[in-house]
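Residues per chain are reported as follows:
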Amino acid sequence: MGLLWALQPQKPFWYMVKKNIQRPFLLHLEVFDGHGEPPGRLLAQAQHERAFLRDGVRRVPVREGRIRATLFLPPGNGPFPGVIDLYGTGGGLPEYRACLLANYGFAVLALAFYGYEDLPKDMKEFHLEYFEEAVNYMLQHTQVKGPGIGLLGISKGGDLCISMASFLKGIKATALINGSVANVGAVLRYKDITIPPLSADVKRIKLTKSGIADIVDVLNNPLEGPDRQSFIPLERAECRFLFIVGQDDRNWKSEFFALEGSKRLQAHGKEKPEVVCYPGAGHYIEPPFFPMCAASMHLLVGKPVVWGGEPKAHCEAQVDAWHQIQAFFHKHLAGKPSGTSNKL
């Protein structure tokens, strides 16, 4: 799989995602004589397709009430364990992780929350009532196995999942990929509760040797001063937590967030969460064999930033994290044994 995970963009700051999951990735492979430029004579060539939708998986666009989402249902007769999948500050409706997870027996709702159709165009404030609609949609769906569902979120999607688990009913398991335990980037409202975003100081942006922004130190500490109001009260949650952590995450201090979340849960008599740390892994821990994104445009910062990670270690983390996430959801949503490793 090295031919895939070692791919690099021809244009700087491009990030490889799959926009239309109904069509496979098409790889055109060519082998040339010799090394370096210009290439020697062509020795062999082949095409390789990588499909996202397994045969029998159903893709169902969801436009119910305010919900803007896509539901993926596995083949066969349900009900299936249900998961809501949230991405980060890129907005829109990424479907590829939800689709791939549905291939393994989960009913997965890829949920847009801004920058899509008639949803808000920017990240100023979020209302948990919108996410509550999505949770209730899943809990009431005939193909979703009760009594509760799982949440999966990366980056900004991670702290939204923690907020959902803390305030909404019906959540049994929450998995976070390099998420924050503080509310970040936008005001969060639910009924009469308001959680301000963690404040930041752009003067703490550093530049790498290649002149790209490194923002890992920009956010304030949510344990200090007024910023304590941004710490999400995850001790209110009635679910189990899994923190997936890239120890070379340069977006923010994911390991610090996971450990502080763990301390807070245990201080309130809650179960210790699973925390799985990956040395050499950066911020965007994607499904297996997606090429590591070393740097790309950050919509909130307004310029390219480094995400961290060393390609081979990051690839290995993606493979293991994918298994950890599935095992976690099978254990807590379907009652199957987990068989996981590397827990800290």
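A quick note: this is a predicted structure, and the numbers were derived from the prediction, not measured. (Residues numbered from 1 in each chain as written. Predicted model: local features only at pLDDT ≥ 70, side-chain atom pairs only at ≥ 80, totals over all residues. Heavy atoms only, no water.)

### A short note on the overall build of the protein
When you go through the protein residue by residue, the secondary structure sums to six helices and 17 strands. For 344 residues, the compact-globule estimate of 2.2 N^0.38 gives 20 Å, and the C-alpha radius of gyration of the protein, at 20 Å, lies within 12% of that figure. Principal-axis analysis of the C-alpha atoms places the extent of the protein at approximately 70 × 55 × 40 Å. Taking as baseline every contact in the protein between residues at least 6 positions apart, the subset at least 24 positions apart corresponds to 68%. Total accessible area on the protein is roughly 16100 Å²; 53% of this is exposed by carbon and sulfur atoms. Side-chain charges in the protein split into 39 positive and 34 negative, and the spacing between the mean points of these groups amounts to 2 Å. (Helix = DSSP H or I, 4+ residues; strand = E, 2+ residues; numbered from the N terminus. Rg over C-alpha atoms; globule rule 2.2 N^0.38 Å. Contact = heavy atoms within 4.5 Å. Areas by Shrake-Rupley, 256 points an atom, 1.4 Å probe, with all protein chains shown as cover. Lys, Arg positive; Asp, Glu negative; His and termini not counted. Charge placed at Lys NZ, Arg CZ, Asp CG, Glu CD.)

### Concerning the UniProt feature "active site" (unreviewed entry) in the protein
According to UniProt, the "active site" (unreviewed entry) feature falls on Ser155, Asp249 and His283. Spanning 129 residues, the annotated positions come together in the fold, the maximum distance between their C-alpha atoms being 10.4 Å. Relative to the helices and strands, serine 155 is located in the loop between β8 (144-154) and α4 (156-167). For serine 155, a relative accessible area of 5% corresponds to the buried category. (UniProt positions renumbered as here; feature names shortened; annotations may be inferred. Buried < 20%, exposed > 50% of the residue type's maximum accessible area, 1.4 Å probe, protein only.)

### A short note on the packing of helix α3 (residues 128-140) against α4
Two quantities define a packed helix pair, namely the angle between the helix axes and the distance between the axes. Remark: α3 packs on α4, axes separated minimally by 11 Å, with the N-to-C direction vectors making an angle of 75°. By the angle class used here, α3 and α4 are roughly perpendicular. Every residue of α4 that contacts α3 at Leu128, Phe131 and Val135 is listed here: Leu160, Ser163, Met164 and Phe167. When its residues are assigned to classes, the contact of α3 with α4 shows six nonpolar, one polar and no charged. (Axes fitted to C-alpha atoms, helices over the stretch in contact; angles between N-to-C directions. Parallel < 35°, antiparallel > 145°, perpendicular 65-115°, else oblique. Nonpolar A, V, L, I, M, F, W, Y, C, P; charged D, E, K, R; others polar.)

### Section: helix α6 (residues 311-333)
In this model α6 runs 32 Å from its N-terminal to its C-terminal C-alpha over 23 residues, within 8% of the 33 Å that 1.5 Å per residue would give. α6 sits mainly inside the fold: 17 of its 23 residues count as buried. (Expected span 1.5 Å × (residues − 1).)

### As for the pattern of salt bridges
A side chain with one charge can pair with a side chain of the opposite charge if their charged atoms come near. Counted according to the given criterion, the structure contains 18 salt bridges. The salt bridge involving glutamate 95 is made with arginine 59; its shortest N-O contact spans 3.0 Å. Separated by 36 residues along the polypeptide, glutamate 95 in the loop between β5 (80-86) and α2 (96-102) and arginine 59 in strand β3 (residues 58-62) bring together distant segments of the chain. When its relative accessible area of 31% is taken as the criterion, arginine 59 is described as partly exposed. With its nearest N and O atoms 3.8 Å apart, the salt bridge here joins aspartate 122 to lysine 124. The class of lysine 124 is exposed, set by a relative accessible area of 62%. A network of salt bridges, in which partner residues are shared, links Arg63, Arg68, Glu117 and Asp118. (Salt bridge = Lys/Arg side-chain N within 4 Å of Asp/Glu carboxyl O.)

### Structural notes on the environment of cysteine 99
Among the secondary structure elements, cysteine 99 is positioned in helix α2. Classification of cysteine 99 as buried rests on a relative accessible area of 0%. Expressed as a C-alpha distance, the spacing of cysteine 99 and alanine 186, which sit 87 residues apart in the sequence, is 28 Å. Sequence-distant contacts of cysteine 99, defined by excluding residues within four places in its chain, comprise Ile21, Phe52, Leu53 and Phe72.

### Overview of the sheet that holds strand β9 (residues 171-177)
Strand order in this open sheet of eight strands is β3-β4-β6-β5-β8-β9-β14-β15, and the pairing throughout is mixed. For this open sheet the edge positions go to β3 and β15 (274-278), each flanked by a neighbour on one side alone. Between one strand and the next, the sheet's axes are offset by a mean angle of 15°, whatever the strand orientation. With five bridges joining them, strand β14 (residues 240-246) and β15 adopt parallel strand pairing. In the sheet register, glycine 246 faces β15, and the bridge partner there is tyrosine 278. Contacts from helix α5 (residues 254-267) reach β14 and β15, with the element oriented near 160° to β14. (Pairing = 2+ DSSP bridges.)

### Overview of the packing of aromatic side chains
Enumeration over the complete set of coordinates arrives at 20 aromatic pairs. Measuring from centroid to centroid gives 5.0 Å for tyrosine 15 and tyrosine 284, while their planes differ by 40°, and the two rings are tilted. Remark: tyrosine 284 occurs in the loop between β15 and β16 (295-298) and tyrosine 15 occurs in the loop between α1 (2-5) and β1 (25-32); sequence separation between them is 269 residues. Residue class for tyrosine 284 comes out buried when judged on its relative accessible area of 10%. The interplanar angle of 80° and the centroid separation of 6.5 Å between the aromatic rings of phenylalanine 126 and phenylalanine 131 together place this pair among those described as edge-to-face. Exposure remark for phenylalanine 131: the relative accessible area of 1% places this residue in the buried category. Through pairs of rings, three or more aromatic residues link up here, namely Phe25, Phe52, Tyr87, Tyr96 and Phe290. (Phe/Tyr/Trp six-rings, centres within 6.5 Å; stacked < 30°, edge-to-face > 60°.)

### A closer look at the state of the cysteines
Using the criterion set out here, one finds zero disulfides in the structure. For the unlinked cysteine cysteine 239, the closest cysteine sulfur is that of cysteine 161, found at 9.7 Å. Accessibility expressed as a relative area gives 13% for cysteine 239, which makes it buried. Here cysteine 277 is not cross-linked by a disulfide; its sulfur's nearest cysteine counterpart is in cysteine 315, at 19 Å. Cysteine 277 gets classed as buried once you look at its relative accessible area, which sits at 12%. (Disulfide = S-S within 2.5 Å.)

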